[in-house]
Amino acid sequence: MKFSDQERALLGALQTDAAASLAELADRAGMATSTVWRKLQEFENLGLLKGRVALLDPAKADVRLCVFATVRLSDHAETSIAGFASVIRSHPEIMEAHAISGTADYILKIRCKDVEAYEGFMTHTLLRSPFVKSVVSSFSLKELKYTTALPL
């Protein structure tokens, strides 16, 4: 999609603060309030605007441990891939899951309270899944950058 400068400004303002009022968004984007409302409806209808959420502080929500786990599947049959996808969707600890190239099949971003909680999750959920052959875990020591805003 191609965006005008004002549309880019509107999307940027929305990514910064989804709770901003129409008037605030209009001011930041240099548009009339009615135009902002119409643009938001258009973006929703196009599927560009998928939802509006609140971002929580992981430490204050008591899920400060961030783990990146690379997963190798036991096989690549359609039923295994679908079964693994079902496991991923059913566990809120798994915040992101990406099919990747290289020696692993997937990389997961997992948030847990602490190492003990992750060990239990890995042992009782991931490694007990018949679809998973192996898991290699890396723990984030320090977050240097975190954003949900897409570069427009």
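For the structure, see preceding data.
As the structure is a computational prediction, the values presented were derived from the model and not from experiment. (Residues numbered from 1 in each chain as written. Predicted model: local features only at pLDDT ≥ 70, side-chain atom pairs only at ≥ 80, totals over all residues. Heavy atoms only, no water.)

Enquirer: Mind laying out the side chain of Arg111, listing which residues take part and the relevant values?
Expert: Relative to the helices and strands, Arg111 resides in strand 3 (residues 106-112). Arg111 sits in the buried class, given a relative accessible area of 11%. Of note is the side chain of Arg111, whose polar atom sits 3.2 Å from the backbone oxygen of Arg64. If sequence neighbours within four positions are ignored, Arg111 has contacts with Pro58, Val63, Arg64, Leu65, Cys66, Glu93, Met95 and Glu143. (Helix = DSSP H or I, 4+ residues; strand = E, 2+ residues; numbered from the N terminus. Buried < 20%, exposed > 50% of the residue type's maximum accessible area, 1.4 Å probe, protein only. Polar contact = N/O pair within 3.5 Å; in protein donor to acceptor, adjacent residues only side chain to side chain. Contact = heavy atoms within 4.5 Å.)

Enquirer: Go over the packing of helix 1 (residues 5-16) against helix 3 (residues 33-46), please, and point to the residues and values.
Expert: Where helix 1 meets helix 3, the axes come as close as 11 Å, and the angle between the chain directions of the two elements is 80°. Classified by the angle between their axes, helix 1 and helix 3 sit roughly perpendicular to one another. Every residue of helix 3 that contacts helix 1 at Glu7, Leu10, Leu11 and Leu14 is listed here: Val36, Lys39, Leu40 and Phe43. Here the contact of helix 1 with helix 3 is composed, by residue class, of six nonpolar, no polar and two charged. (Axes fitted to C-alpha atoms, helices over the stretch in contact; angles between N-to-C directions. Parallel < 35°, antiparallel > 145°, perpendicular 65-115°, else oblique. Nonpolar A, V, L, I, M, F, W, Y, C, P; charged D, E, K, R; others polar.)

Enquirer: Any details on the sheet that holds strand 1 (residues 65-73)? Residues and values, ideally.
Expert: The strands making up a sheet associate through hydrogen bonds between their backbones, and the pairing can be parallel or antiparallel. Across the sheet, four strands lie side by side as 2-3-1-4; this open sheet has antiparallel pairing. A single partner strand is all that each edge strand has here, and the edge strands are strand 2 (94-99) and strand 4 (132-139). Each neighbouring strand pair of the sheet contributes to a mean axis angle of 20°, computed without reference to strand direction. Strand direction decides the pairing type here: strand 1 and strand 4, joined by seven bridges, are antiparallel. The residue of strand 4 that forms the bridge with Thr70 is Val136. Across the sheet, helix 4 (residues 78-89) lies against strand 1, strand 2, strand 3 and strand 4, angled at about 20° from strand 3, the strand it touches most. Those strands touched by helix 5 (residues 115-126) are strand 1, strand 2, strand 3 and strand 4, and its axis lies near 165° from that of strand 4. (Pairing = 2+ DSSP bridges.)

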